[in-house]
Amino acid sequence: MKFPPPPQLKMLSAYATRFDSDDPLAGLAVGDRPEPEVEPGWTTVSVRAASLNHHDIWSLRGVGLREEQLPMILGCDAAGVDEDGNEVIVHSVVGDPDWRGDETLDPKRSLLSERFPGTFAERVAVPRRNLVPKPGALTFEEAACLPTAWLTAYRMLFKRANVAPGATVLVQGAGGGVATAAITLGSRAGLRMWTTSRSEGKRERAVQLGADAAFEPGTRLPERVDAVLETVGEATWAHSLRALKQGGTLVVAGATSGAAPSAELRRVFFLQLNVVGSTMGTRDELERLARFCAEADARPLVHATLPLERAREGFEAMARGELFGKIVFTVGAG
Ligand SMILES: NC(=O)c1ccc[n+]([C@@H]2O[C@H](COP(=O)([O-])OP(=O)(O)OC[C@H]3O[C@@H](n4cnc5c(N)ncnc54)[C@H](OP(=O)(O)O)[C@@H]3O)[C@@H](O)[C@H]2O)c1
């Protein structure tokens, strides 16, 4: 006897329907999608809050996704409640279950929304080991900012730049999610944080956030710095190299304005600069970051909180480059 297939449950989601490199939001849809499939060793999290990253705009441009994967639920970051009622943060890096060590170095790794459905939905399926306890001191909205932008900033600062308290760090593009995270984390950790922004208003806000000084892009700095955190790319790369002292470290995790600046090799070798890449962070780094935020009273700066139904407004603000801090979508009871 044949049983009819179970009814396919639906959930509210924000997802990519097609790619458009010039008008990425043309492919964004908000509506019902099927519940995620739960693989062996995986579990489901009821999402309470999810935060927007530039990665979601890249996905709508077709970066990191193939046509046959569409429609794809977007979103890398979430905080919510697991099947046992625990408040959790979702680590977005999904790797090979047999991989041991730093998950960011797993050649088979992907982020949620690249191979598996993302977090802009009522529920998301993830490997059990990707759950990190949410500190009670953080709201769901704050915790949802940590897994991508904040984790990336944490690893850039404390692992890849490897700077000690008292060092000076320049962060390019003050207003971004990664940049506001780096300014907050660095100032809490005793680093002297300098930043640049195209907007005077954002420069003022960066100083209120904890930056020791904020400059127009390209400005000659009062002195050279120990490290630069770079996510802007072409527009700021030459300034980043010029800003470093001999033996300094440029950590690059993004290239919003373009990925092919002049390499300036003579400057790199003559000043013995270190140019290092950085991507996301490990599950353990996410757990340490969450604890640091709770104990050092470092809270993600949220530009705006919107219900998931209004996700398009958040995408539009990010695409216009208006943000200072993170956009958070609330879901269900969140
Ligand atoms: N490797 C990783 O694991 C990883 C993780 C997170 C993010 N990323 C990448 O890092 C980048 C930033 O991500 P995000 O989420 O922080 O994005 P975001 O919130 O959209 O930040 C963008 C910031 O970059 C600056 N910017 C953009 N275009 C610029 C231009 N043409 N000239 C100068 N500054 C410009 C702006 O700063 P001002 O307006 O203040 O000047 C803006 O606030 C993205 O490309 C993202 O894909 C990579």
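Now for a look at the structure at hand. (Residues numbered from 1 in each chain as written. Predicted model: local features only at pLDDT ≥ 70, side-chain atom pairs only at ≥ 80, totals over all residues. Heavy atoms only, no water.)

**Focus on the overall build of the chain**
This is how the line gets drawn: Numbering of helices and strands runs from the N terminus, with a helix taken as a DSSP run of H or I at least four residues long and a strand as a DSSP run of E at least two residues long. We compute the radius of gyration from the C-alpha atoms alone; for a globule the expected value is 2.2 Å times N to the 0.38, where N is the number of residues. Exposure classes here rest on a 1.4 Å probe applied to the protein chains alone. A residue is buried below 20% of its type maximum, exposed above 50%, and partly exposed in between. The contact definition used throughout considers only heavy atoms, calling two residues in contact when any of these lie within 4.5 Å.
Counting secondary structure elements, the chain contains nine helices and 18 strands. For the chain, the C-alpha radius of gyration of 20 Å lies close to 20 Å, the compact-globule estimate for 334 residues. Over its C-alpha atoms, taken along the principal directions, the chain stretches across nearly 80 × 40 × 40 Å. Split into buried and exposed, the 334 residues of the chain put 52% on the buried side. For the chain, long-range pairs separated by at least 24 residues make up 71% of all intrachain contacts whose partners lie at least 6 apart in sequence.

**Some words on the sheet that holds strand 11 (residues 168-171)**
Sheets are built from strands paired through backbone hydrogen bonds, the pairs being either parallel or antiparallel. The test is simple: At least two bridges found by DSSP between two strands is the condition for calling them paired. Convention adopted: a line fitted to C-alpha atoms gives each axis, helices being fitted over their contacting stretch, and angles between N-to-C directions are expressed from 0 to 180 degrees.
One open sheet accounts for six strands, arranged 13-12-11-14-15-16; its pairing is parallel. At either margin of the open sheet sits one strand with a lone partner, and together these are strand 13 (213-215) and strand 16 (274-277). Across this sheet, the average inter-strand angle for adjacent strands is 20°, counted without regard to direction. Where strand 15 (residues 244-252) lies against strand 16, four bridges are found, and the strand directions are parallel. Within strand 16, the residue paired with valine 252 across the bridge is glycine 277. Of the strands in this sheet, strand 11, strand 12 (192-196), strand 14 (225-230), strand 15 and strand 16 touch helix 6 (residues 234-243), which is tilted by about 145° from strand 15.

**Observations concerning the environment of alanine 79**
Counting through the fold element by element, alanine 79 comes out in strand 5 (residues 78-81). Classification of alanine 79 by relative accessible area gives buried; the value is 0%. Taking the C-alpha atoms as reference points, alanine 79 and alanine 16, separated by 63 residues in sequence, lie 21 Å from one another. Beyond its immediate sequence surroundings of up to four residues, alanine 79 is in contact with Val47, Arg48, Ala49, Val88, Ile89, Phe140, Ala143 and Ala144.

**Comments concerning the layout of surface pockets**
Where we set the bar: Cavity means a closed set of points on a 1 Å grid over the protein atoms alone, one where a 1.4 Å probe fits but cannot get out, pocket means an open set with protein on both sides within 12 Å along at least 5 of 7 lines, and lining means a residue has an atom within 4 Å of a point. Grid points are joined across faces, edges and corners, and a volume is the space filled by probe spheres set on the points. Residues were grouped as follows: Ala, Val, Leu, Ile, Met, Phe, Trp, Tyr, Cys and Pro as nonpolar; Asp, Glu, Lys and Arg as charged; and all remaining residues, including Gly, as polar.
Approximately 1,300 Å³ is the volume attributed to the largest pocket. Contributing elements (two or more residues each) for the lining of the largest pocket: helix 1 (54-61), helix 3 (146-160), helix 4 (177-188), helix 6 and helix 9 (311-319). For the lining of the largest pocket, the element with the most residues is helix 1, which contributes four residues. For the lining of the largest pocket, the class distribution of residues is 18 nonpolar, 23 polar and eight charged.

**Some thoughts on the environment of arginine 48**
Inspection of the secondary structure assignment puts arginine 48 in strand 3 (residues 42-51). Classification of arginine 48 as partly exposed rests on a relative accessible area of 22%. Remark: the alpha-carbon pair of arginine 48 and glutamate 122, spanning 74 residues in sequence, is separated by 7.7 Å.

**Looking at helix 8 (residues 283-295)**
In plain terms, the rule: Multiplying 1.5 Å by the helix residue count minus one yields the expected span of that helix. Throughout, the arc means the angular range of directions from the helix axis out to the C-beta atoms.
The end-to-end C-alpha distance of helix 8 is 19 Å, a good match for the 18 Å that 13 residues give at a rise of 1.5 Å each. When we look at burial in helix 8, the residues that qualify are Arg283, Glu285, Leu286, Leu289, Ala290 and Cys293. Taken around the axis of helix 8, the buried residues stretch over an arc of 155°, which confines them to a single face. Note on helix 8: the residue one or two positions beyond its end, aspartate 297, has a positive phi of about 55°.

**With respect to the pairing of strand 12**
Applicable threshold: Clockwise travel from the first strand over the helix to the second, with the strands pointing away from the viewer, marks a crossover as right-handed.
Most of strand 12 is tucked away, with four of its five residues classed as buried. Pairing geometry for strand 11 and strand 12, over four bridges, is parallel. By the bridge assignment for strand 12, valine 171 is matched with threonine 195. Bridging between strand 12 and strand 13 involves three bridges; their strand directions are parallel. Residue pairing for strand 13: tryptophan 194 is matched across the bridge by alanine 213. Note on the crossover from strand 12 through helix 5 (residues 200-209) to strand 13: the handedness is right-handed.

**A few points about the nonpolar core**
Spelled out, the test is: Nonpolar core, defined: a set of buried Ala, Val, Leu, Ile, Met, Phe, Trp, Tyr and Cys residues in which side-chain atoms within 4.5 Å join the residues together.
Leu146, Trp150, Leu157, Val163, Val169, Leu229 and Leu289 are the most contacted members of the largest nonpolar core, which has 43 residues in total. Counting residues per element, the ones that place at least two in this core are helix 2 (140-143), helix 3, strand 11, helix 4, helix 5, strand 14 and helix 8. It is helix 3 that contributes the most residues to this core, eight residues altogether. In this structure tryptophan 150 touches Cys145, Gly177, Ala181, Thr184, Leu185, Leu289, Cys293, Arg299, Pro300 and Leu301, once residues within four positions along its chain are discounted. The next biggest cluster of nonpolar side chains, apart from the first, holds 38 residues, and it includes Val45, Ala78, Val88 and Phe120.

**Comments concerning the packing of helix 1 against helix 9**
Stated precisely, the cut-off is as follows: The scheme is simple: roughly parallel for angles under 35 degrees, roughly antiparallel for over 145, roughly perpendicular for 65 to 115, oblique for anything else.
Interhelical geometry of helix 1 versus helix 9 gives an angle of 95° and a closest axis separation of 10 Å. Our classification of the angle between helix 1 and helix 9 gives roughly perpendicular. Where helix 1 approaches helix 9, its residues His54, Asp56, Ile57 and Leu60 are matched on the opposing element by Phe315, Met318 and Ala319. Split by residue class, the contact of helix 1 with helix 9 holds five nonpolar, one polar and one charged.

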